[in-house]
Amino acid sequence: MTSFRMPTGGLIDRTQPISFTFDGTAYQGFAGDTLASALLANGVRVMGRSFKYHRPRSVWGAWVDEPNAIMTVSLDGRDLPNCLATTTPLEDGMQARSVNAWPSAQFDIKGGLDLFHRWLAAGFYYKTFIWPDWHLFEPSIRRMAGLGAVSHDVLDGYMSDQIHDRCDVLVVGGGPAGLVAAVAAAQSGQQVVLVDDHPTLGGSGYQYDRIEDMDPQGWVAAQVQALTAAGGRLLRGTTAFGVYDHGLVGLAEAGPFGTAPRLWRMRADRIILASGALDRQITFANNDRPGVMSLFGAAEYLARYGVMAGRDIAVLSNHSFADRVTQRLTDAGARIVPVDPVTDTPRVIGVKTLKAIDTGTRTHPVDTVLVSGGVTPLVHLWRHAGGKLDWCDQRQAFVPGAAPKGMVAVGAANGTFDLEPALEEARGVGAAETTTRPSCSIKLTRLVPKLGTTARQWIDLQHDVTLKDIEMAARENYVSVEHLKRYTTLGMASDQGKTSNMAGLAAMAAVQDVALPEVGTTTFRPPFVPIPLETYHGRISGELRNPVKRLPLEARHRAADAALCEYGGWLRPGWYGSGDPKQHIQAEAKMARETAGILDGSPLGKIEVMGPDAEAFLNFVYYNTIRTMKPGQIRYGFMLTEGGIVYDDGVVSRVGQNRFIVSCSSSHVDGVRAHLEAWRQDGNDPDRIFVHDLTQHWATVTVTGPKARDLVGALGLEVDLSAAAFPHMTFREARFHGHTVRIARVSFSGDLCYEMSIRASQAERLWDAVVAAGQAVGAAPIGIEAMSILRAEKGYIIIGKDTDGETMPHDLGVSAPRDRKTAAYIGDRSLQSETAQEACRKTLVGLAVAEGDAPLVTGAHAITTGGSPRSVGYVTSSYFSPFLGHPVAMGLIEGGAARIGETIEVWHDGERRTATLCAPCFYDPDGGRLHAG
Amino acid sequence: MQIFTCPFCGPRDEREFHFVAEQGKVRPDTTQSVSDADWAAYLHTQRNEKGRVREVWMHTTCDEVFVMERHSVSMEVLATTALRKEST
Amino acid sequence: MRDDRNKWAASGTLGDGFEIGDVVVSRVRVSRQLLVSGPRVRTQIDVPTVGWPEICEATTYALSLRRDRVLVVNGDPVEDGWDDATSQARSDASDLYSVFDLSGRDAFNVVKRGTEISMESPSRSVLRRFFGLQVMLYRVQAEDRFRLHVARASEDALLGYLESAAGSAWAARSR
């Protein structure tokens, strides 16, 4: 026991000592201590160095308002940076290290930086280091500044649990007011949840000798008992960090050290804000020195932890509430020297150890200066919810004004600083009675910072912003509170201005000679305290962050050594085989032209559109004419946006008079479904059109190539596959082991091609049969990469690759509907606009290169020659064709379709090449192989 | 997250919904002549009001398209209206 | 394209379910799932309709999805397509949705980790966004037994989220 630890008192357990180290030195504390209370108990003052000037610092407060005591803490091999010593519960074996100091806070080699303070004022980057180029200095500056280092090891299992919950009444704050409000609400039949960020409830209640004639611990226990008996729930160690729309409150529940908080998304019909109040800073010379502390912080250290802040204490205060605390400190054995900050001009003497305070007329030897310039209600959550603030002259503070919907403030958070009126107010609010704010007994003398002193006076301790910085900001006309904040960085540190906001406003008010409320306030934003980013995503990470859709045939692909990758939201085979991909891909594409290739086409959209108006509906949704389709027919078409841009391409199959299957791109299925539903309901009669997305009910096995007919014929499907009976762009139904197979003769490759769809549970059976039949004809599975080459050889586009956000159907050479379709369709009018008719529109062309040249780079720009070149389009697809033995490419080039035969210059990454515009089809332009008889 | 009310499903998390359009735009009859100005207004002009707004939303969970009246500053949801009368 | 075959755990790794702490997830084999849409479909079906939070006790039932759509579970075989007489569109969806039951003392605590939901807030539709996935969620046979239908391609993702949430629920109990 040191002389700063009282022999009795506080909530700590003196029978459970705890060993820990700070900056390498061993100390002892007790269960129930925080790092800060244990260090103070051991007489440790210097706990860190300030951000910019590396000035030695100690604690200011006892909880989340602490700006200085930030430490890196290690326990059992887990390392956490940026721990606030005042809120970190002490655990046996903890090793704490100060930040921003080397080798230790006590003896920091960069302490000399403070000597250069005149050149490190606000905005110093732009002033001191602007010449020759501030970027030269930035890395060094950043290395010297900063708080805490992040360990490179990601903590194993550092995952935030996230859960949704709801309640009738959420009480934020488990101090005296919050506790009685929660009890009253629960006893009136409401479902109540009470949250408090301390491990032990009671808030500032332990600073009183008695509450309602009980000792505080007993009184708190009685409230907790009454609350749980009435069905209320308690969440300790839980911070309400933000209020969001519609009564949603974000709660971060702390777990054991080194674990991520649990996120509660709590929906509350009513929020009672009992978040208490903070002590208010006073601006005076050297007010940042170790030993200068918050008066109410000292009261907390005594009440909760049985720790005396000092022995010879100067108390600087301008209000009547300081008396109660001063009395308790005197009763605990401190010698008090009162100093009046209004009439005196205080200045602290001492650097690492506080030696004395100079009042301007006298010097008092003291070891501690306790400060309170008023009481500031904690109104962050009130403001998150859009509540207004009123300025109170008596309290010299902002108090809750017009309430946001569903929220009410009680106790110190509401400016009700006296205990008994706070309890009465809170009980009334808990029972949902209409209450008005009771009067407050506080007597406070307005305190104005003294400007123009030579000694520096601190405003923002964490960001090292002084009164001089405020004065300079005003001189440079950054007078609006928003500019003041951002120019000086006041209030922008991790403590988010909890101790500096009011001081900053008071300073700017003094500089401009206006009343404080006229300066205004900046926006309070969540989170109230720093929350690890992990909390916001929780288990939505790794494979579960953006899960891919899985094919029914994935096991078969893995067994066949497929390289799998995400494509359009699905995990699909890019190629088969390990090692160099290029050789596999080229071999697959060549094989598909020589014999056949087998492709898993399961992700292809299969959206059924049914009903008496289905035909008219699709005729409106599609650019192409659908009306004239006969059952059994398949037609290729575009869906446009109302702006005339090609949104999706695909085929439509007509099954019957009232039944169609829309086979849209696999990556667009959800979008197309939503598109169809929106138009179905808003603009048509939804009782006569129905949209069923059956994409995943069906698996699709595609066989493409000259041997496709032989292969499919060997499956025993009892379907006449001859060209006459089964022409291109038609489909048939057959049976495979008793199950329906829909066979569509439609080609993505330009070769004879059959797409066979069967219910997904039969996919493996069909696939196995197709692969076995393939072996007999020299065919095998092919992946997406080979497919991309095949379709490019034929000039078949991929939406979003060979089209962009401006591509209209006639740019792709499909202009018949634009010229001839008389029925209305989505995007029709846009195709007649001035832009749509311009001759210089980018149109789809093929691009050929000289014999022996390498393929063009996809994305390379076609440029004008001479003068200052500009882009006239770009290469959209480019591959080496193994079957043709030369590169093939497509691009969107201005006026390209009218410039076939011309040579253009193509630029990429400093390299210039030439290419010749040609028709975008390099393979089987007459279609002989496609319609193969 | 906000809570929006689908006329069929009831109150749900806002992430189940998707904004479709400002309510009140009627598609011009494109089988007749439509001026550039009218078509451009249909495509691009938004009221973008501050305060009470009437919007068309889709509950993507059940695909229901409906009209929601909201307050674009306070985020309050004022009314939810189905496009069609309830059949059952 | 990259070769990401080792970046994604093989489909089906979680098999037919698992048991973690006070949570059991098990695959359910239903004989048939039929999507039926139509302007009067809700009056036309003759099996019990299920919404939220009612507990379904029948073997053959219709899940209420939209004002004009239900999913009939374990019903009789029916021809796909448009039926003019009843103004119904019907599609076999038996292989479209995988079905799982979630039971045990912590089942609802797992559910609350996937979506904002309460027994006091009824819904006419069992469709929900659950861990970001589209599912049907309803109660079967018991107060704390939940049934989930998910599109088959998202089955691995759903099981992954359920496994993670079950672990969290167990850890919360043990704290």
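Refer to the structure printed above.
Chains are numbered independently. Their residues run from 1 in the order of the written sequence. Throughout, the order in which chains and ligands are written sets their labels, letters from A for the former and numbers from 1 for the latter. For a predicted model such as this one, the threshold for reporting local features is a pLDDT of at least 70, and the threshold for listing and counting side-chain atom pairs is 80 or more; totals across whole chains, interfaces and linings nevertheless cover every residue. Hydrogen atoms and water are omitted, and side-chain values are computed over all heavy atoms in the structure.

### Concerning the overall build of chain B
What counts is decided by this rule: A run of DSSP states H or I qualifies as a helix once it reaches four residues; a run of E qualifies as a strand once it reaches two. Both are numbered from the N-terminal end. Relative accessibility decides the category of a residue: with a 1.4 Å probe and only protein chains considered, values under 20% of the type maximum give buried, values over 50% give exposed, and everything between is partly exposed. Whether two residues touch is decided by their heavy atoms; if any such pair falls within 4.5 Å, the residues are in contact.
Tallying secondary structure elements over chain B gives 1 helix and 6 strands in all. For chain B, the sequential pattern of α-helices and β-strands runs β-β-β-α-β-β-β. For chain B, the residues scored as buried account for 41% of the 88 residues in total. For chain B, restricting intrachain contacts to residue pairs at least 6 apart in sequence, the fraction spanning at least 24 positions comes to 41%.

### Comments concerning the packing of helix α17 (residues 614-621) of chain A against helix α18 (residues 669-681) of chain A
All names here are of chain A. Rule in force here: Between N-to-C directions, angles span 0 to 180 degrees; the directions come from axes that are lines fitted to C-alpha atoms, helices contributing only their stretch in contact. Whether a crossing is left-handed or right-handed is set by the direction in which the near helix is turned from the far one by less than a right angle, anticlockwise for left-handed and clockwise for right-handed. Here the term charged refers only to Asp, Glu, Lys and Arg, the term nonpolar to Ala, Val, Leu, Ile, Met, Phe, Trp, Tyr, Cys and Pro, and the term polar to all other amino acids, Gly among them.
It is at 11 Å that the axes of α17 and α18 come closest, and there the two elements cross at 115 degrees. Relative to α18, the crossing made by α17 is right-handed. Each of Phe617, Leu618, Phe620 and Val621 in α17 lies in contact with α18, whose residues at this interface are His675, Leu676, Trp679 and Arg680. Among the residues making up the contact of α17 with α18, the classes are represented as 6 nonpolar, 1 polar and 1 charged.

### A look at empty space enclosed by the protein
Residues and elements named next belong to chain A. Threshold: Only protein atoms enter the calculation, which uses a 1 Å grid: trapped sets of points that fit a 1.4 Å probe without letting it out are cavities, open sets showing protein on both sides within 12 Å along at least five of seven lines are pockets, and any residue with an atom within 4 Å of a point is a lining residue. Grid points are joined across faces, edges and corners, and a volume is the space filled by probe spheres set on the points.
Applying the stated criterion across every chain, the model contains 8 cavities of 30 Å³ or more. In this structure, the largest cavity encloses a volume near 1,000 Å³. Lining the largest cavity we find 48 residues, and of these Gly203, Ser204, Ser275, Gly276 and Ala277 sit closest to its centre. Secondary-structure elements contributing two or more residues to the lining of the largest cavity are α4 (176-187), β11 (238-244), β14 (277-279), α6 (295-305), α8 (380-384) and α9 (419-430). Each residue belonging to the lining of the largest cavity can be placed in one class, and the counts come to 24 nonpolar, 17 polar and 7 charged. The space that makes up the second largest cavity amounts to roughly 430 Å³. Around the second largest cavity, the lining is made up of 28 residues, and of these Gln496, Gly497, Asn501, Thr522 and Phe524 lie nearest the centre. Elements with a minimum of two residues in the lining of the second largest cavity: β22 (375-377), β24 (397-400), α11 (481-488) and α12 (501-512). Considering each element in turn, the lining of the second largest cavity owes the most residues, 4 residues, to α12. Classifying every residue of the lining of the second largest cavity by side-chain character gives 14 nonpolar, 11 polar and 3 charged.

### Some remarks on the pattern of salt bridges
Operational definition: By convention in these notes, a salt bridge is any Lys or Arg side-chain nitrogen within 4 Å of a carboxyl oxygen on Asp or Glu.
As enumerated under the stated definition, the model contains 78 salt bridges over all chains in all. For Asp68 of chain C, the salt bridge identified is with Arg680 of chain A, shortest N-O distance 2.7 Å. With Asp68 of chain C in the loop between β6 (61-66) and β7 (69-73) and Arg680 of chain A in helix α18, the pair connects residues from two separate chains. Of the two residues, Asp68 of chain C and Arg680 of chain A, both sit in the buried class. Taken together, the salt bridges that share partners define one network made up of Asp670, Arg673, Glu677, Arg680 and Asp687 of chain A, Asp63 and Arg84 of chain B together with Arg66 and Asp68 of chain C.

### Structural notes on helix α10 (residues 467-475) of chain A
Residues and elements named next belong to chain A. The buried fraction of α10 amounts to 7 of the 9 residues, a majority that puts the element mostly inside the structure. Residues Leu467, Asp469, Ile470, Glu471, Met472, Ala473 and Ala474 constitute the buried set of α10. A positive phi of about 75 degrees marks Asn477, the residue just after α10.

### Brief notes about the pairing of strand β12 (residues 133-140) of chain C
The side chains of a regular strand alternate, first on one face of the sheet and then on the other. All names here are of chain C. To keep things clear, this is the line we draw: Strands pair, by our definition, only if DSSP identifies at least two bridges between them.
Among the 8 residues in β12, 7 count as buried, and that is most of the element. As paired elements, strand β5 (residues 55-56) and β12 share 2 bridges and run parallel to each other. Each bridged residue has a counterpart across the sheet, and for Cys56 the counterpart in β12 is Val140. Here strand β11 (residues 127-130) runs beside β12; their pairing, made up of 4 bridges, is antiparallel. Looking at β12, one finds that Arg129 is bridged to Gln134. From the end of β11 to the start of β12, which pair antiparallel, there are 2 residues, and Phe131 there has a positive phi angle of about 50 degrees. Two elements, β12 and strand β13 (residues 146-151), share 5 bridges in a ladder whose sense is antiparallel. Each residue of the ladder has a partner; that of Met136, found in β13, is His149. The hairpin turn running from β12 into β13, its antiparallel successor, is 5 residues long, and Gln141 in that turn takes a positive phi close to 65 degrees.

### Comments concerning the nonpolar core
Residue and element names in this part refer to chain A. This is how it is decided: Only buried residues count toward a nonpolar core. Its members are Ala, Val, Leu, Ile, Met, Phe, Trp, Tyr and Cys residues joined through side-chain atoms within 4.5 Å.
Ranked by size, the top nonpolar core spans 53 residues in total, and within it Leu35, Met47, Met71 and Tyr301 carry the most contacts. Here this core takes 7 residues from α6, the largest share from any one element. Those residues within four positions of Leu35 in sequence are excluded, and the remaining contacts are Phe20, Met71, Val73, Ala85, Thr88, Leu90, Met94 and Ala96. The next biggest cluster of nonpolar side chains, apart from the first, holds 43 residues, and it includes Val195, Val379, Met407 and Tyr487.

### Thoughts on the sheet that holds strand β37 (residues 698-704) of chain A
Taken together, the 6 strands give an open sheet; going across it, the order is β38-β39-β40-β37-β31-β41 (chain A), and neighbouring strands pair in mixed fashion. Lying at the two open borders of the sheet, with one neighbouring strand each, are β38 (730-736) and β41 (780-781) of chain A.

### Things to note about the packing of aromatic side chains
Residue and element names in this part refer to chain A. Our working rule: Pairing of aromatic rings covers Phe, Tyr and the six-membered ring of Trp, with a centre-to-centre limit of 6.5 Å; geometry is then stacked below 30 degrees between planes, edge-to-face above 60, and tilted otherwise.
With the rule as written, the count across this model stands at 26 aromatic pairs over all chains. Plain terms: the ring middles of Phe241 and Tyr244 are 6.5 Å apart, the flat faces sit at 70 degrees to each other, and that makes the pair edge-to-face. For Phe241, a relative accessible area of 2% gives the class buried. Tyr244 sits in the partly exposed class, given a relative accessible area of 32%. Geometrically, the ring pair formed by Phe241 and Tyr536 is edge-to-face, given 6.1 Å between the ring centres and 90 degrees between the ring planes. Pair noted here: Phe241 is in strand β11 and Tyr536 is in helix α14 (residues 534-537), with a separation of 295 residues, a long-range link.

### Remarks on the interface of chain A and chain C
The cut-off we apply is this: Here the quantity called buried area is the accessible surface, traced with a 1.4 Å probe, that two parts lose on coming together, added over both. For the purposes of these results, a polar contact is taken to be a pair of N or O atoms within 3.5 Å, where, inside protein, one atom must be able to donate a hydrogen and its partner to accept one; residues adjacent in sequence count only when each atom of the pair is a side-chain atom.
Across the boundary between the two partners, chain A contributes 59 residues, which contact 49 residues of chain C. For the pair chain A and chain C, the summed buried surface comes to about 4,600 Å²; carbon and sulfur atoms form 54% of the total. Where chain A meets chain C, there are 8 salt bridges. A salt bridge links Arg759 of chain A to Asp95 of chain C; the shortest N-O distance between them is 2.9 Å. Joining chain A to chain C, the criterion identifies 32 residue pairs in polar contact (both at pLDDT 80 or more). Broken down by class, the residue content of the side of chain A that touches chain C amounts to 24 nonpolar, 13 polar and 22 charged.

### A look at the pairing of β38 of chain A
Residue and element names in this part refer to chain A. Bridge analysis of β38 against strand β39 (residues 739-745) gives 7 bridges, and the strand direction is antiparallel. Looking at β39, one finds that Phe731 is bridged to Ala744. Once β38 ends, the chain turns through 2 residues before running back antiparallel as β39, passing His737 with a positive phi of about 50 degrees.

### Points about a nonpolar patch on the surface
All names here are of chain A. The line we're drawing: Distance thresholds for patches are 9 Å for like charges and 5 Å for nonpolar side chains (Val, Leu, Ile, Met, Phe, Trp, Tyr), applied to residues having over 30% relative accessible area and no salt bridge. Surface accessibility in these figures is a Shrake-Rupley result with a 1.4 Å probe; residues are shielded only by whichever protein chains are displayed.
A cluster of nonpolar side chains, Tyr244, Leu533 and Tyr536, forms an exposed patch at the surface whose accessible area comes to about 310 Å². For Leu533, the position within the fold is in the loop between α13 (516-519) and α14. We classify Leu533 as exposed; its relative accessible area is 68%.

### Some remarks on the packing of α4 of chain A against helix α5 (residues 216-229) of chain A
Residues and elements named next belong to chain A. Test applied: Working rule for angles: under 35 degrees goes down as roughly parallel, over 145 as roughly antiparallel, 65 to 115 as roughly perpendicular, anything else as oblique.
Where α4 meets α5, the axes come as close as 9 Å, and the angle between the chain directions of the two elements is 25 degrees. As judged from the angle between their axes, α4 and α5 are roughly parallel. Two packed elements cross with a definite hand, and for α4 against α5 that hand is left-handed. Within the contact between the two elements, α4 uses Pro176, Leu179, Val180, Ala182, Val183, Ala186 and Gln187 and α5 uses Trp219, Val220, Gln223, Val224, Ala226 and Leu227. Grouping the constituent residues of the contact of α4 with α5 by class yields 11 nonpolar, 2 polar and no charged.

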